[in-house]
Amino acid sequence: MTTLEGMIALVAGATRGAGRGIAVSLGEAGATVYCTGRSTRGARSEYDRPETIEETAELVSEAGGRGIAVPTDHLEPEQVERLIARIDAEQGRLDVLVNDVWGGEKLFEWDTPVWEHDLANGLRLLRLALDTHLITSHHALPLLIRRPGGLVIEMTDGTAEYNAANYRINAFYDLAKTAVIRLAFAQSRDLAPHGGTAVALTPGWLRSEMMLDAFGVTEDNWRDATERIPHFAISETPRFVGRAVAALAADPDVARHNGASLSSGALAREYGFTDLDGSRPDAWRYMVEVQDPGLPANADPYR
């Protein structure tokens, strides 16, 4: 992997899951990474989970980069403005912005029509998924475009192709995950005249901390869950999509992807990186060819 030493990145929503995996992978390549979120060693978000941004920053530094934790609620414009002012004062530049803020796992109801879904939860889900990204880009992009080559990555769930053909859980979730892809496209048009690039990126079936807890397994014995959920065999660690981000950040010709909807599995084939176990799980191709048609689970040809 090409080194990212000297590169300054902001991972908005770096507490856990994909955000943490991205931050650590950028650190693995030598970048300085500002890690933001609401869960700190002094206070927890409504998730009430043990992961903190301080821990993420420490993992970034242990991986070889420099991690800097900054508590930030990305729904609060004043907090985001202060965050960007701090990055400007300390670094004078911003090379990579990863908009990974989400926070909606406890807010959506599976397969529930819009008139039955809790309205307050649905609207908050949209605010967390969209307003946070717009607020962060509004304040961060003036710093990012000071130098040509800036990269914005909008994290979502599903590719544009997959989401266009499939209804994703419910109206609120479907709208959120599709809108983020369109946001990446819109920003690609804004950034192009300044030499910048924006893309949407999705992981596959992510073995996040919350997912492992939900299935009653750990990263060491995650395959035990495939006895109950066979298609979980295609899952990937958060570091896999993290390495996808690092590969994009290191690519001098990344502008060829401007406005594109990308996935960790497809980028692994292009750039040659692997997950921590040496595999290259291609979850979205697996879903189309195996899971959605109702075929028996067989992830080996897709890893």
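Structure: see above.
Reading the values: rules and limits
Residues numbered from 1 in each chain as written. Predicted model: local features only at pLDDT ≥ 70, side-chain atom pairs only at ≥ 80, totals over all residues. Heavy atoms only, no water. Axes fitted to C-alpha atoms, helices over the stretch in contact; angles between N-to-C directions. Helix = DSSP H or I, 4+ residues; strand = E, 2+ residues; numbered from the N terminus. Parallel < 35°, antiparallel > 145°, perpendicular 65-115°, else oblique. Left-handed = near helix turned anticlockwise from the far one by under 90°. Contact = heavy atoms within 4.5 Å. Nonpolar A, V, L, I, M, F, W, Y, C, P; charged D, E, K, R; others polar. Phe/Tyr/Trp six-rings, centres within 6.5 Å; stacked < 30°, edge-to-face > 60°. Buried < 20%, exposed > 50% of the residue type's maximum accessible area, 1.4 Å probe, protein only.

Visitor: Can you explain the packing of helix H1 (residues 17-28) against helix H2 (residues 53-63)? Please cite residues and give values.
Guide: Running from N to C, H1 and H2 cross one another at 25°; their axes reach a closest spacing of 7 Å. By the criterion of interaxial angle, the relationship of H1 to H2 is roughly parallel. Between H1 and H2 lies a crossing whose hand is right-handed. Contacts between H1 and H2 involve Arg20, Ala23, Val24, Gly27 and Glu28 on the former and, on the latter, Glu55, Thr56, Leu59, Val60 and Ala63. Classifying every residue of the contact of H1 with H2 by side-chain character gives 5 nonpolar, 2 polar and 3 charged.

Visitor: Got a sec to walk through the packing of aromatic side chains? Specific residues and values, please.
Guide: The full count for this structure, using the stated rule, is 10 aromatic pairs. Geometrically, the ring pair formed by Phe108 and Trp110 is edge-to-face, given 5.7 Å between the ring centres and 70° between the ring planes. Take Phe108: its relative accessible area is 15%, and that puts it in the buried class. Exposure remark for Trp110: the relative accessible area of 60% places this residue in the exposed category. Between Trp205 and Phe215, the aromatic rings sit 6.3 Å apart at their centres with planes inclined by 70°, giving edge-to-face as the arrangement. Of this pair, Trp205 sits in the loop between strand E6 (197-202) and helix H7 (209-215) while Phe215 sits in helix H7, placing them 10 residues apart in sequence. Taking the relative accessible area as the measure of exposure, Trp205 reaches 21% and is therefore partly exposed.

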